[in-house]
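Here is what each chain is made of, one letter per residue.
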Amino acid sequence: MTSEISIRPLTPGDRSAWRPLWRDYLAFYDTNLPDEIYELTFARYTDPARTDMLGWIAWQGGNAVGLVHAIVHAHGWKVAPVTYLQDLFTTPAARGKGVARALIETVYADADAAGRGAVYWLTQTDNTAARALYDRVAVATDFMKYSRS
């Protein structure tokens, strides 16, 4: 992969490129969702009326090679909303080529332009390859996630 990375907001025409990326991202986390969730999620990320759910897709050499989704929400300790980077995925062939970093920087740029300086995300503790990048572009916290399933 030597061609330039192009990142742009998701559009309704990206459905066929986005779906396998998101499917592979979910598979990485041993998750399989019904088709109606795929449809609902894609519709949310491509609805121009929604300002709380944002999505971008990365292209390189004519191929979709990555995606990032972000959720904007209010925060009880801050005046400005914050950005939660919910999903980040690159194809295996794109890894180590700067695509994930460019996707994170896209989220950072969007947050900065909107006055939302705080951006955060979660990952599994054993996701060492991703954490190597995250340690270069963000600061790890000592918080643990708890969830009611």
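It should be emphasised that the depicted structure is a prediction, and the values quoted were computed from it without experimental measurement. (Residues numbered from 1 in each chain as written. Predicted model: local features only at pLDDT ≥ 70, side-chain atom pairs only at ≥ 80, totals over all residues. Heavy atoms only, no water.)

Draft legend 1. Inspection of unusual backbone geometry at higher detail. Within the chain, D30 stands out as a residue other than glycine whose phi angle is a positive 50°. Within the secondary structure, D30 is located in the loop between α1 (15-28) and α2 (35-46). D30 gets classed as exposed once you look at its relative accessible area, which sits at 76%. (Helix = DSSP H or I, 4+ residues; strand = E, 2+ residues; numbered from the N terminus. Buried < 20%, exposed > 50% of the residue type's maximum accessible area, 1.4 Å probe, protein only.)

Draft legend 2. Representation of the pattern of salt bridges within the structure. Enumeration over the complete set of coordinates arrives at eight salt bridges. With a closest N to O distance of 3.2 Å, R101 and E105 form a salt bridge. Note that R101 and E105 are positioned in helix α3 (residues 99-113) at a spacing of four residues, about one turn of the helix. Under the relative-accessibility criterion, R101 is labelled partly exposed at 33%. On the basis of relative accessibility, which here comes to 42%, the residue E105 falls in the partly exposed class. Between R116 and D110 there is a salt bridge whose closest N-O contact spans 2.4 Å. Of the residues examined, R116 reaches a relative accessible area of 8% and is grouped as buried. Using a relative accessible area of 26% as the deciding quantity, one classes D110 as partly exposed. A single salt-bridge network, built from bridges that share partners, covers R15, R19, D35 and E39. (Salt bridge = Lys/Arg side-chain N within 4 Å of Asp/Glu carboxyl O.)

Draft legend 3. A look at the sheet that holds strand β5 (residues 119-120). Across the sheet, five strands lie side by side as β1-β2-β3-β4-β5; this open sheet has mixed pairing. The two strands at the open ends of the sheet, each matched to only one other strand, are β1 (5-9) and β5. The sheet contacts of α3 involve β1, β2 (53-60), β3 (63-73), β4 (82-90) and β5, and relative to β4 the element is tilted by about 160°. (Pairing = 2+ DSSP bridges. Contact = heavy atoms within 4.5 Å. Axes fitted to C-alpha atoms, helices over the stretch in contact; angles between N-to-C directions.)

Draft legend 4. Region of interest: the side chain of T46. Within the secondary structure, T46 sits in helix α2. Within the local environment of T46, its side chain forms a polar contact with the backbone oxygen of F42, the two atoms lying 2.8 Å apart. (Polar contact = N/O pair within 3.5 Å; in protein donor to acceptor, adjacent residues only side chain to side chain.)

Draft legend 5. Geometry of α1. Taking 1.5 Å of rise per residue, 14 residues should cover 20 Å, and α1 covers 20 Å from first to last C-alpha, within 8% of that figure. Among the residues of α1, A17, W18, L21, W22, Y25 and L26 are the ones counted as buried. Buried residues of α1, seen end-on, are gathered within an arc of 150° and therefore sit on one face of the element. Contact partners of the buried residues in α1: α2, β2, β3 and β4. In the stretch just after α1, D30 is the one whose phi turns positive, near 50°. (Expected span 1.5 Å × (residues − 1). Arc of directions from axis to C-beta.)

Coordinates in, geometry out; function isn't part of it.
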